[in-house]
Amino acid sequence: MARTCPFAPPPAYEEIREQEAISRVRLPDGGWAWVVSRHEDVRTVLNDRRFSADRQHPDFPQLVKGAAAARRPDDERTLIEMDAPEHGPARKAVLGEFTVRRLDALRPRIQEIVDGRIDALLAGPQPGDLVESLSLPVPSLVICEMLGVPYADHGFFQEHTAKMFKQSTPPEERGAAMGAIQGYLTDLIAKKEENPPDDLLGRQIVKLREEGTYRRTALAGLGFLLLVAGHETTANMISLSTVAFLRNPEQLAMIKADPGKTLDAVEEMLRYFTIIDAAASRLCVEDTEVGGQLIRAGEGVLALGHSANRDPRAFEHPDELDIERGARHHVAFGFGPHQCLGQNLARMELQVVFDTLFRRIPTLELAVDVDELPFKDDANIYGLYRLPVTW
């Protein structure tokens, strides 16, 4: 469903959540699935092994028509598609790359990247495009350096990522875009195998070889997931949050006066926008009751994160943007065993961007009215295509 207001869920979400919290909906391919819309029920589904994340299962609920056809028969199952017992060891193998200690060591480099991009923005013409100058380059540079992917190739994978997430992209083109990125990463990893460098992909080659579990195609699948998720999501959060701050100057004044509040502001922005609402689909594999409704094995479930994050049972005055809310129990990063692997990296990037951007450009403002901004109403990850700003 489309958002009619760029800062609110589709209007029908509230109606569904309040009147029929678990209801049946028709899918684009003609099948049916259950919608779960309340915060408690969404967390239940995402944390219960009786709901499978295996997107390769023929009965898995697909939110994009022809999504299954976009896959190739030899595609590796990525982390977000694995169930226990396969999922645990695969996640643990890469979890060490996202420890607090490793991320803290990365903070100075993130700060350097953010300052460099703001330098470029200030040196350029006005109005500037914040998406092009800051929102996309920052997370792209960070994830490229982490993985050991040449940033010079960012145009290639950003172009193909955009095709993947645009709802109107035909299944064949979506499959081709996915295949192009997978092929790129497979070739890159093959080059790293002879003398693995000290980057995430290189360290994984060494680690998995020592364990006797190394497969190039599997590592390419992991790289694909981290590369795509690592730049597209954070980029959109930077853009949307900047607009929200500029529309709510009293909230912006709080983090300017006390940067200690920025992390709470990040959590509130994540809850408020919930840019990935379609990622938490599941397939019921054993008859299970949720919220008083029996869901049978073989039936699909759509857990509406955006609805859950606006549930008044979980958040007081949920439609208000309140950076002092202090609520970290949102489901913007999912919940349970598949909760976003890179969530703390995203938090750090957002914190550094907001603290730095508004300190260095205190007079930043939108160059056009909000209703003229090109929001991504046609994409599976919500955001902005461009963000004209002046100062």
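Here the structure is shown first, and the text comes after it.
What comes next concerns the included structure. (Residues numbered from 1 in each chain as written. Predicted model: local features only at pLDDT ≥ 70, side-chain atom pairs only at ≥ 80, totals over all residues. Heavy atoms only, no water.)

### Here we look at the sheet that holds strand β10 (residues 388-390)
Inclusion rule: Whether two strands pair comes down to DSSP finding at least two bridges between them. Under the DSSP-based scheme used, a helix requires at least four consecutive residues in state H or I and a strand at least two consecutive residues in state E, with every element numbered from the N terminus.
An order of β4-β10-β9 is seen for the three strands of this open sheet, with the pairing classed as antiparallel. Of all the strands in the sheet, just β4 (128-129) and β9 (365-366) have a single pairing partner and so form its edges.

### With respect to the environment of V35
Note the threshold: A simple rule labels every residue: compare its accessible area, found with a 1.4 Å probe on the protein chains alone, to the largest value its type can have, and call it buried under 20%, exposed over 50%, or partly exposed in between. By definition, residues are in contact when any of their heavy atoms lie within 4.5 Å.
Inspection of the secondary structure assignment puts V35 in strand β2 (residues 32-36). For V35, a relative accessible area of 4% gives the class buried. The spatial distance from the C-alpha of V35 to the C-alpha of E193 is 45 Å, given a sequence separation of 158 residues. In this structure, V35 is in contact with I16, A21, I22, S23, V25, L302 and L304, ignoring residues within four places of it in sequence.

### Comments concerning the side chain of R17
Stated formally: Under the rule applied, a polar contact is a pair of N or O atoms within 3.5 Å (in protein, one hydrogen donor and one hydrogen acceptor; residues adjacent in sequence only if both atoms are side-chain atoms).
Within the secondary structure layout, R17 lies in helix α1 (residues 11-19). A polar contact of 3.2 Å, which involves the side chain of R17, links it to the backbone oxygen of S307.

### A short note on the sheet that holds strand β5 (residues 281-284)
Taken in spatial order, the five strands line up as β1-β2-β8-β5-β3 in an open sheet, and their pairing is mixed. The open sheet has two edge strands, β1 (22-26) and β3 (51-52), and neither has a second partner. Here β3 runs beside β5; their pairing, made up of two bridges, is antiparallel. Of the residues in β5, the one forming a bridge with S52 is L283.

### Quick look at the nonpolar core
For the record, the criterion: Only buried residues count toward a nonpolar core, which is a set of Ala, Val, Leu, Ile, Met, Phe, Trp, Tyr and Cys residues joined through side-chain atoms within 4.5 Å.
With 84 residues, the main nonpolar core has L185, F245, F273 and L387 as its most contacted residues. If you tally residues by element for this core, the top one is helix α10 (residues 216-247), at 14 residues. If near-sequence neighbours (up to four positions away) are discounted, F273 is found in contact with R3, P6, F7, M237, L240, S241, A244 and H306. If you look at the next biggest cluster of nonpolar residues, it comprises 15 residues, including V42, V45, V290 and I295.

### Observations regarding the pattern of salt bridges
To keep it simple, the criterion reads: Should a side-chain nitrogen of Lys or Arg be within 4 Å of a carboxyl oxygen of Asp or Glu, the pair is scored as a salt bridge.
Scanning the entire structure with this criterion turns up 25 salt bridges. Here K166 ties to D378 by a salt bridge, and the two come within 3.8 Å at their closest N and O atoms. Of this pair, K166 sits in the loop between α7 (154-165) and α8 (171-193) while D378 sits in the loop between β9 and β10; the two residues are 212 residues apart in sequence, bridging distant segments of the chain. A relative accessible area of 27% places D378 in the partly exposed class.

### Details of the packing of α8 against α10
Each pair of packed helices can be summarised by the angle the axes make with each other and by the distance between the axes. This is how the line gets drawn: What counts as an axis is a line fitted to C-alpha atoms, over the stretch in contact for a helix, and the angles between N-to-C directions run from 0 to 180 degrees. If an angle is under 35 degrees, it is roughly parallel; if it is over 145, roughly antiparallel; if it lies from 65 to 115, roughly perpendicular; otherwise it is oblique. Helix crossings get a hand from a simple test, with the near helix turned counterclockwise from the far one by less than a right angle marking a left-handed crossing and a clockwise turn marking a right-handed one.
Between α8 and α10, the least distance of the axes is 9 Å, while the angle of their chain directions is 120°. Classified by the angle their axes make, α8 and α10 are oblique. The handedness of the crossing between α8 and α10 comes out as right-handed. Packed against α8, whose contacting residues are M178, I181, Q182, L185, T186, I189, A190 and E193, the element α10 presents R216, L219, A220, G221, G223, F224, L227 and V228 at the interface.

### Some thoughts on the layout of surface pockets
Put simply, the rule is: Residues are called lining when one of their atoms sits within 4 Å of a cavity or pocket point, these points coming from a 1 Å grid over the protein atoms alone, where a cavity is a set in which a 1.4 Å probe fits but cannot get out and a pocket is an open set with protein on both sides within 12 Å along at least five of seven lines. Grid points are joined across faces, edges and corners, and a volume is the space filled by probe spheres set on the points. Note on residue categories: nonpolar means Ala, Val, Leu, Ile, Met, Phe, Trp, Tyr, Cys or Pro, charged means Asp, Glu, Lys or Arg, and polar means any other residue, Gly included.
Taken as a whole, the second largest pocket encloses approximately 460 Å³ of empty space. For the lining of the second largest pocket, the secondary-structure elements that each account for two or more residues are α3 (87-95), α9 (200-211) and α10. For the lining of the second largest pocket, the class distribution of residues is ten nonpolar, four polar and six charged.

### Some points on unusual backbone geometry
Of note, the amide linkage connecting A84 to P85 takes the cis form, showing an omega dihedral of 5°. Of the consecutive residues Q126 and P127, the connecting peptide bond is found in the cis state with omega at -5°. Positive phi values are uncommon outside glycine, yet T274 reaches one of about 40°. We classify T274 as buried; its relative accessible area is 2%. Phi at H317 takes a positive value of approximately 45°, unusual for a residue other than glycine.

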